[in-house]
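Observations on the three-dimensional arrangement
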Protein chains: 4
Amino acid sequence: MDLGVALIGSGFMGKSHALAYRAVRAAFGDVPAPRLEIMCDRPLERAEIFASQFGFSRATDDWRAAVADPAIDIVSVTTPNDLHHDMVLAAAAAGKHIWCEKPLGLTLEDGERMERAVREAGVHSMIGYNYTHNPTIQHAKRLIAEGEIGRVTHFRGFVDEDYQADPETPWSWRCLRSRGGLGALGDLGCHLVSLAYVLVGPIESVLADMQTVHTDRPKRDGGRGPVENEDLASALVRFRDGFQGVLCTTRIAWGRKNKLAVEVHGEKGTLCFDQERLNELQLFRNEGHTAVQGFRTILAGPSHPPYGAFIPGAGHSLGFNDQKTIELAAFLRTITGGAKSGPDITEALEYEKVIHGIARSAETGARVVI
Amino acid sequence: MDLGVALIGSGFMGKSHALAYRAVRAAFGDVPAPRLEIMCDRPLERAEIFASQFGFSRATDDWRAAVADPAIDIVSVTTPNDLHHDMVLAAAAAGKHIWCEKPLGLTLEDGERMERAVREAGVHSMIGYNYTHNPTIQHAKRLIAEGEIGRVTHFRGFVDEDYQADPETPWSWRCLRSRGGLGALGDLGCHLVSLAYVLVGPIESVLADMQTVHTDRPKRDGGRGPVENEDLASALVRFRDGFQGVLCTTRIAWGRKNKLAVEVHGEKGTLCFDQERLNELQLFRNEGHTAVQGFRTILAGPSHPPYGAFIPGAGHSLGFNDQKTIELAAFLRTITGGAKSGPDITEALEYEKVIHGIARSAETGARVVI
Amino acid sequence: MDLGVALIGSGFMGKSHALAYRAVRAAFGDVPAPRLEIMCDRPLERAEIFASQFGFSRATDDWRAAVADPAIDIVSVTTPNDLHHDMVLAAAAAGKHIWCEKPLGLTLEDGERMERAVREAGVHSMIGYNYTHNPTIQHAKRLIAEGEIGRVTHFRGFVDEDYQADPETPWSWRCLRSRGGLGALGDLGCHLVSLAYVLVGPIESVLADMQTVHTDRPKRDGGRGPVENEDLASALVRFRDGFQGVLCTTRIAWGRKNKLAVEVHGEKGTLCFDQERLNELQLFRNEGHTAVQGFRTILAGPSHPPYGAFIPGAGHSLGFNDQKTIELAAFLRTITGGAKSGPDITEALEYEKVIHGIARSAETGARVVI
Amino acid sequence: MDLGVALIGSGFMGKSHALAYRAVRAAFGDVPAPRLEIMCDRPLERAEIFASQFGFSRATDDWRAAVADPAIDIVSVTTPNDLHHDMVLAAAAAGKHIWCEKPLGLTLEDGERMERAVREAGVHSMIGYNYTHNPTIQHAKRLIAEGEIGRVTHFRGFVDEDYQADPETPWSWRCLRSRGGLGALGDLGCHLVSLAYVLVGPIESVLADMQTVHTDRPKRDGGRGPVENEDLASALVRFRDGFQGVLCTTRIAWGRKNKLAVEVHGEKGTLCFDQERLNELQLFRNEGHTAVQGFRTILAGPSHPPYGAFIPGAGHSLGFNDQKTIELAAFLRTITGGAKSGPDITEALEYEKVIHGIARSAETGARVVI
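Note that the coordinates shown come from a computational prediction; the quantities given were computed from them, not determined experimentally. (Residues numbered from 1 in each chain as written. Chains lettered and ligands numbered in written order. Predicted model: local features only at pLDDT ≥ 70, side-chain atom pairs only at ≥ 80, totals over all residues. Heavy atoms only, no water.)

Bringing the relation of the copies chain D and chain C into the picture now. Once chain D has been moved 0.0 Å along the axis and rotated by 180 degrees, it coincides with chain C to within an RMSD of 0.0 Å. Here the transformation between the copies is reduced to the relation of a two-fold axis. Most of the interface of chain D is mirrored in chain C, where 100% of its interface residues again form contacts. (Least-squares fit on C-alpha atoms with pLDDT ≥ 70 in both. Contact = heavy atoms within 4.5 Å.)

Further remarks concern the environment of A:Phe295. Mapping A:Phe295 onto the fold places it in strand β16 (residues 295–299). Along the primary structure A:Phe295 and A:Gln282 are separated by 13 residues, whereas in three dimensions their C-alpha atoms are 6.0 Å apart. Not counting the four nearest positions on each side in its chain, A:Phe295 is found in contact with A:Thr270, A:Cys272, A:Gln282, A:Leu283, A:Phe284, B:Trp254, B:Gly255, B:Arg256, D:Phe295, D:Arg296 and D:Thr297. (Helix = DSSP H or I, 4+ residues; strand = E, 2+ residues; numbered from the N terminus.)

The subject of this paragraph is a negative patch on the surface. All names here are of chain A. Together, Glu45, Glu48, Asp61 and Asp62 give the surface a local cluster of negative charge. Along the chain, Asp62 falls in the loop between β3 (58–60) and α3 (63–68). What makes Asp62 partly exposed here is its relative accessible area of 36%. (Patch = residues over 30% accessible without salt bridge, like charges linked within 9 Å, V, L, I, M, F, W, Y side chains within 5 Å. Areas by Shrake-Rupley, 256 points an atom, 1.4 Å probe, with all protein chains shown as cover. Salt bridge = Lys/Arg side-chain N within 4 Å of Asp/Glu carboxyl O. Lys, Arg positive; Asp, Glu negative; His and termini not counted. Charge placed at Lys NZ, Arg CZ, Asp CG, Glu CD. Buried < 20%, exposed > 50% of the residue type's maximum accessible area, 1.4 Å probe, protein only.)

Along any regular strand, the residues point their side chains to alternate faces of the sheet. Residue and element names in this part refer to chain C. In terms of burial, strand β7 (residues 152–160) is largely enclosed, as 9 of its 9 residues are buried. With 8 bridges connecting them, β7 and strand β13 (residues 259–266) associate as antiparallel partners. Among the inter-strand pairings, Phe158 is bridged to a residue of β13, identified as Ala261. Bridge analysis of β7 against strand β12 (residues 244–250) gives 7 bridges, and the strand direction is parallel. Its bridge partner being in β12, Gly157 is matched across the sheet by Leu247. (Pairing = 2+ DSSP bridges.)

Reports of interface size often rely on the accessible area that becomes lost once the parts have come together. Each partner contributes residues to the interface: chain D has 46 residues there, and chain C has 46 residues. The interface formed by chain D and chain C holds 6 salt bridges in total. For C:Arg238, the salt bridge goes to D:Asp209, with nearest N and O atoms at 2.8 Å. When contributions to the side of chain D that touches chain C are tallied by element, the ones reaching two or more residues are β7 (152–160), β8 (203–211), β11 (232–239), β12 (244–250), β13 (259–266) and β14 (269–274) of chain D. Along the lines of polarity and charge, the residues of the side of chain D that touches chain C split into 19 nonpolar, 16 polar and 11 charged. (Nonpolar A, V, L, I, M, F, W, Y, C, P; charged D, E, K, R; others polar.)

Once that is clear, we can look at the sheet that holds strand β5 (residues 97–100) of chain D. Residue and element names in this part refer to chain D. Taking strand neighbours across the sheet as the criterion, the 6 strands line up as β3-β2-β1-β4-β5-β6 in an open arrangement whose pairing is parallel. One side of each edge strand has no neighbouring strand; the edge strands of this open sheet are β3 (58–60) and β6 (125–127). Across the sheet, the mean angle from the axis of one strand to that of its neighbour is 15 degrees, orientation sign disregarded. Relative to strand β2 (residues 35–40), strand β1 (residues 4–8) runs parallel, the two sharing 5 bridges. In the sheet register, Val5 faces β2, and the bridge partner there is Leu36. Most of the contacts of helix α4 (residues 81–93) go to β5, to which it runs at about 160 degrees, and overall it touches β1, β4 (74–77) and β5. (Axes fitted to C-alpha atoms, helices over the stretch in contact; angles between N-to-C directions.)

Once that is clear, we can look at the pattern of salt bridges. Residues and elements named next belong to chain D. Taken as a whole, this structure holds 112 salt bridges over all chains when the rule is applied. Salt-bridge contacts for Arg35 lead to Asp73; the nearest nitrogen and oxygen are separated by 3.9 Å. Here Arg35, found in strand β2, pairs with Asp73, found in the loop between α3 (63–68) and β4; they are 38 residues apart in sequence, far enough to count as distant. A relative accessible area of 26% places Arg35 in the partly exposed class.

Of the transformation superimposing chain A on chain B, the axial component is 0.0 Å and the angular component is 180 degrees, with the fit at an RMSD of 0.0 Å. A shared interface surface links the copies, since 100% of the contact residues of chain A are contact residues in chain B too.

Counting from both sides, the interface comprises 46 residues of chain A and, opposite them, 46 residues of chain B. Overall, the association of chain A and chain B removes approximately 3,400 Å² of surface from exposure, summing both partners, and the carbon and sulfur fraction of that is 53%. Counting the contacts that link chain A with chain B gives 6 salt bridges. One salt bridge in this structure joins A:Arg156 and B:Asp160, with 2.7 Å as the shortest N-O distance. Taken together, the elements giving at least two residues each to the side of chain A that touches chain B come down to β7 (152–160), β8 (203–211), β11 (232–239), β12 (244–250), β13 (259–266) and β14 (269–274) of chain A. Here the residues of the side of chain A that touches chain B sort into 19 nonpolar, 16 polar and 11 charged. (Buried area = accessible area lost by both parts, 1.4 Å probe.)

Moving on: the environment of C:Glu115. All names here are of chain C. Considering the arrangement of structural elements, one finds Glu115 in helix α5 (residues 108–121). Owing to a relative accessible area of 6%, Glu115 belongs among the buried residues under this scheme. The spacing of Glu115 and Ile8 is 107 residues in sequence and 19 Å in space, taken between C-alpha atoms. Setting aside chain neighbours within four positions, we find Glu115 in contact with Ile345, Thr346 and Leu349. A distance of 2.7 Å separates a polar atom in the side chain of Glu115 from a polar atom in the side chain of Thr346. (Polar contact = N/O pair within 3.5 Å; in protein donor to acceptor, adjacent residues only side chain to side chain.)

This part takes up the packing of aromatic side chains. Per the stated rule, a full pass over the model turns up 46 aromatic pairs over all chains. Measuring from centroid to centroid gives 5.6 Å for B:Phe28 and B:Phe310, while their planes differ by 85 degrees, and the two rings are edge-to-face. Here the residue B:Phe28 occupies a position in the loop between α1 (12–27) and β2 (35–40), and B:Phe310 occupies one in the loop between β16 (295–299) and α9 (320–335), the gap between them amounting to 282 residues. The class of B:Phe310 is buried, set by a relative accessible area of 2%. When the ring of D:Tyr129 is compared with that of D:Tyr351, the centres are 4.8 Å apart and the planes differ by 80 degrees; the resulting orientation is edge-to-face. Pair noted here: D:Tyr129 is in the loop between β6 and α6 (135–145) and D:Tyr351 is in helix α10 (residues 345–364), with a separation of 222 residues, a long-range link. Considered together, D:Tyr129 and D:Tyr351 belong to a single accessibility category, that of buried residues. Here the aromatic cluster, defined as three or more aromatic residues joined through ring pairs, consists of A:Phe12, A:Tyr131 and A:Phe320. The side chain of A:Arg333 reaches across the aromatic face of A:Phe28, ending 5.2 Å from its centre. (Phe/Tyr/Trp six-rings, centres within 6.5 Å; stacked < 30°, edge-to-face > 60°. Lys NZ or Arg CZ within 6 Å of the ring centre and 35° of its normal.)

Here the focus is the confidence of the model for chain A. Here chain A averages 97 in pLDDT, while 100% of its residues score no lower than 70. Reported confidence for the predicted complex is 0.97 by ipTM and 0.98 by pTM. (pLDDT = per-residue confidence, 0-100.)

Our focus in this paragraph is the packing of α1(B) against α9(B). Residues and elements named next belong to chain B. Across the interface, α1 lies against α9 with an axial gap of 8 Å and an inter-helix angle of 65 degrees. Judged by the sense of rotation from one axis to the other, the crossing of α1 with α9 is right-handed. Residue-level contacts link Phe12, Met13, Ser16, His17, Leu19, Ala20, Tyr21, Ala23, Val24 and Ala27 of α1 to Phe320, Asn321, Lys324, Thr325, Leu328, Ala329 and Leu332 of α9. In the contact of α1 with α9, the residues fall into 12 nonpolar, 4 polar and 1 charged. (Left-handed = near helix turned anticlockwise from the far one by under 90°.)

Looking now at unusual backbone geometry. If a residue is not glycine, its phi is most likely negative; likewise, a peptide bond is most likely trans. Here B:Pro305 and B:Pro306 are connected by a cis peptide whose omega angle stands at 0 degrees. Secondary-structure assignment places B:Pro306 in the loop between β16 and α9. Here D:Arg42 and D:Pro43 are connected by a cis peptide whose omega angle stands at -5 degrees. Inspection of the secondary structure assignment puts D:Pro43 in the loop between β2 and α2 (44–54). Despite not being glycine, C:Ser317 shows a phi value in the positive range, around 75 degrees.

As structure tokens, this is what we get:
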């Protein structure tokens, strides 16, 4: 199956998409090799450089043309968040499959519009919840589903980074709610929600608090600009299956670089995971003599598919970009007729309802039903 | 200074008090050696056995007599929680100094009555918040106070155990709110609050959720009895100094044995501690080149007083009972004229207001001001 | 610069080479994109499948033809160890640059012949010591070179796996010294030597012991076959710079999957690394107040080049195959006129002299000068 | 049974003995409470202060008188190493039971003389190998004996500290071989040997290397004095049961405070322990599906006797001094008619033969049979 790709954006995620496109068929023999057709960025020169570097046939600075191009079957949207909305709408209108980074848009309404457009266009979508594709997480999901820790009784999750921890990090337009959308919740919190959904299912309601700790930041002109979106947020959540949980996120936790960590408590055991050690899973089971019970550190390996598509030996470690390749493989399988696997835009919208619900609850002080 | 001791109770904490009384002056040359006078428990035979084992001169099964005995200056209350109230009132009435385990009583009203009695009697008190006396925690407190991590911006704390994780653990009267008081909050949560207070100061308000996960437990007669107190509770808290925090506790987290863990985020760094590794402190500071930044694991040692009172070499590790000896030394110094150091009953009441506030908020769904 | 590639072998390392060839220019803009020309394996059908999967233009089962093909500039040798010798000799004779997996050959004599052939042919070579290319290791190397831990005083290194830990793992011809070469030393030990060289320099002499613990293994016919090569080896080494060290390897350490771990002691500090957590580096420095000293865990990030070529954010983790891409980039830079960076065949031969020296010392009981 | 104690020395170990004497019967109901009779140190004033602090009835600066005193049944020898020899000989001659810190003496000949004297006197002895009494180590010993990891195949052990890591730490007479005896081997290495013996049995031969890294140190007069004993030593050992092992020690490993760590490899699993986390044991077993295998961290608790003598809850942690109390309890049981438990002087001499064998092998370069 011939699948032409247009990649919009050449930043962190743009490069990650490009690497995934180049690796996916070499890693997974069961998916087609995408045809790298159009690289799109601004200015054009930048697009051209990256087209050459990433191996795309053409470069453009006109994303609308790229999206509409008849040689294109898949559009990768990796631009700043405020551009996702228009691009996804255009791609859906053009009947292209869409691989878009999170969050969908700056507001929940944007996201709802995007979801509807994609759904009505009947195209396939994959939203960039890359951490859900980690073989360790998929393994945890299987263990939970198979009852390895019994009925789930509680969930805790955290996602912390420190990219805004320094009060003197410069102000930018991203500090504005109107242009940058949510803060830590939008950047990080939605990843946490994705893991919660994948591991233990939907969230029913949230009760939250949030705070902008560094309320202004230095501007280039010597003054200080206001920060409107939250530096941190915490929520008491209730899951549809009746158990409770806690979700916390912050972008000002010094020393945390990608601390996306979850704890799942069950009637028979506990599972813990931390993305900073993405190749490890902690499992405690109440079995055998207490004298030899303990949390075990499971090292990712070929018995945790699809780790083996990359490396035949355990303990050799996948990296961040390998997750992206797995995500792409899942998307390609869906496009080529396989079952949906991984968060499409409809599922992603559910995640975003949770983070916007958290924001609303924090503003009102009342529990918000999702 | 001659200080006669009556110890009531010979369980976990009774033994820990006894070991502390025996060790305190050998470890700390600056405090008097307590005179171990009366061991009190029921039945009398048990008290006699422990009097011999722990080195007390006399044994009794009559705690009122023990408390009133003129040879007694200090009363150690280590009985089940529902007995604390009467014993503390009697000891205060008799003008004895009081070393009592937490929580104060089953209800906040009990605690308030106890605190008033002790305050009005003018006796000294120490409530058993042993973890606050850990040299590592004291060091963390100093580092925060000295600005090592800058202004505090966020706090997270957890205290988890698994002693009720098995749904088939038998029912007992402790499962009743009227006789056992709070659940995880009373057993564990108040310890967490004590660390929060010691490290970052008072809590202003709480917004909470809680749950009894295992709602009944097997009784001896083959039926099942109801569990009235909470298996877990979580709270969004606001500290008096303006920052937010999260406090969580559960008694059903498989594999957790004494997971009393805190994270303190500051403008310049982060401090983390976990009581399961009580001789370690994690510190991140935003200083020097990013290429060599990282969380450092500080091993407790003589530069963290009063560790050196026990061991002159770092990395050799204090144990749980050593914390209790430090607590006792602090109490003896207060009794012999030194400054208060460590939570007395007035401070302990503050902690309990928080856990009862959490319970109330969880019941009402509304934020509770402490 | 147009560089045509022939890849021989499609196993663990074959796939890793293929992924690297596909990723290298997308990750690193400063190197040419290799042209994937010939995939070679047996039977031909297998080569054809992998040519399609990995994106090679042609497939063959005739490695001699592939090596001699005028469209080829670089030959990747990823076959079983006993085939390296002939392939490298042929590739050198054909004037091709050679990317070959370790060890060079089954015997030191083989290796010496290969090194001479490559040297005399004047072609470039890179031997697959992928762990030396890990940004964390490169960072450690820099820290040591810059005196961050002072003069090196001691070195310890370990490399353990468990692929032969089960005594009932079937016998194969690899158990024979004549056909499989060295055991744990050849498979694993040479990687450890590579890290030692890269971090702290050449080894002068070794005094060693080794053991075949499981001396026979089950054969398919129901009998048992002899194991001739070592399950483990340990050596007391002296480095050229005057300090001592210890090198240990085993293939029978249950639970170890890629435990390639080193400790470098210096006059001012200590550096530790463990490949099972390849994105972390442990650093202790004797600086500042002892009360805040401790081993710090440095998470790999953009300040550890070339991590940033893959991911702009720290703590997101590179994987095993990313190391291989870095290795290839280094090789391509050498081929295109840059300085040598990473172990070529001449340096690799030095490593192999050490492991063969260890084997010889273990046999004689006497110290062997390398 | 009335047992009068004379304690000689009030340093690290003196205090630890005192705390153990005070705690032992409170912790263990089945042993007699020792009578603290004589505290001996120099000058007399110091002895008097410590007699008061530690609760001894009398003080003296005359150790010969203390040892000979008819009120004394047990003599604790905790003085600098060069005094052990004469004190043990005198105590044995006086028919007293002896609790002496390691190493026995400065030379192996001293140790042999001491062992013979004690044996011929028929008194009981306990040598201060406190780490062997850690419940975690005793648990590991049981697991190994019960076959939990199968037949032992390999052993690795390390004991590292940094008390001589700074090249400018002042010279003292302890740097002289004649007055200080061995270096790291005598201070630390013998502890490692004790764990090896306890866990996996006797050592048959050693092949070693050692080094004095900092060959001179600053003297008070401004000059520099020579360091004669080793800063580090490493040995390839063969155990009586046929497997090999590695033992390493250094006193110049920055950041290591009490890094007494062992790895025991077996046919079915692996056990690891690190004294810096003395309440944890790492266990890997080859059982169940590989997808859930991993090293488990066992937290010490009541299922690891005699932990429960101190604390009824797991994960609450024993400390260094608790080990000493366990050691004393074992000694008291032996004295009062129980079986020997823990290293007496005859067993301790075996350990010392190993460290002196290592020193000799390092000097000659040849394997030394113990």
